[in-house]
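Residue-level structure breakdown
The lines below spell out each chain.
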Amino acid sequence: MTSLWIYRETSGRPAGTDLTGYEVEALDGSIGKVDKHSDEADSSHLVVDTGPWIFGRHVLLPAGTVSRIDMDEHTIHVDLTKEQIKSAPEFDKDKHLGDPAYHSTLSGYYRGISHRA
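Worth saying up front: this structure is predicted, and the values here are computed from it rather than measured.

Some remarks on the overall build of the protein
Scanning the protein from terminus to terminus reveals two helices and six strands. Beginning at the N terminus, the succession of helices and strands in the protein can be written as β-β-β-β-β-β-α-α. On C-alpha atoms alone, the protein measures out to a radius of gyration of 13 Å, which is about the 13 Å that the 2.2 N^0.38 rule sets for 117 residues. Burial statistics for the protein: of 117 residues in total, 41% are counted as buried. In the protein, of all internal contacts separated by at least 6 residues, the share reaching a separation of at least 24 is 53%. Surface summary for the protein: the accessible area is close to 6300 Å², and the carbon and sulfur share equals 50%. Of the side-chain charges in the protein, 12 are positive and 19 negative, and the distance between the mean point of each set is 5 Å.

Quick look at the nonpolar core
Core analysis: the largest hydrophobic core is formed by 30 residues, its most contacted members being V24, L46, L61, I76, V78, I85 and Y110. At the level of secondary structure, the elements contributing two or more residues to this core comprise β1 (23-26), β2 (29-38), β3 (45-49), β4 (58-62), β5 (66-70), β6 (75-78) and α2 (100-116). No other element matches the five residues that α2 contributes to this core. Apart from residues lying up to four places away in sequence, I76 is in contact with L19, Y22, E23, V24, E25, V34, L46, V66, R68 and I69.

Calculation rules
- Residues numbered from 1 in each chain as written.
- Predicted model: local features only at pLDDT ≥ 70, side-chain atom pairs only at ≥ 80, totals over all residues.
- Heavy atoms only, no water.
- Helix = DSSP H or I, 4+ residues; strand = E, 2+ residues; numbered from the N terminus.
- Rg over C-alpha atoms; globule rule 2.2 N^0.38 Å.
- Buried < 20%, exposed > 50% of the residue type's maximum accessible area, 1.4 Å probe, protein only.
- Contact = heavy atoms within 4.5 Å.
- Areas by Shrake-Rupley, 256 points an atom, 1.4 Å probe, with all protein chains shown as cover.
- Lys, Arg positive; Asp, Glu negative; His and termini not counted.
- Charge placed at Lys NZ, Arg CZ, Asp CG, Glu CD.
- Core = buried A, V, L, I, M, F, W, Y, C linked by side-chain atoms within 4.5 Å.

Nothing here speaks to function; it is geometry throughout.
Pasting the structure below:
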């Protein structure tokens, strides 16, 4: 099984590319812009500012949810619906780095929805 926390080879992401500010598109529409991203080994992810869509909430999306990156349009496409993203565990900026339980909760959620899709 491919790791949820690494970019797919087919995503079109050149290594080392700064994705901050890129638009993020769910399967059914825009969800916001990349606020931060990490290329940490086995923990690559995007932190997306959803703006007014879900009241300024931030969501953490594992790199494995990225299906395609359009470098010309500065757009990241993910294999999730807006509802799946809205229902994701709340992003906790204090826990996301170095908290194995939080990482496990996120992994469980995203792996679970990929099996339902």
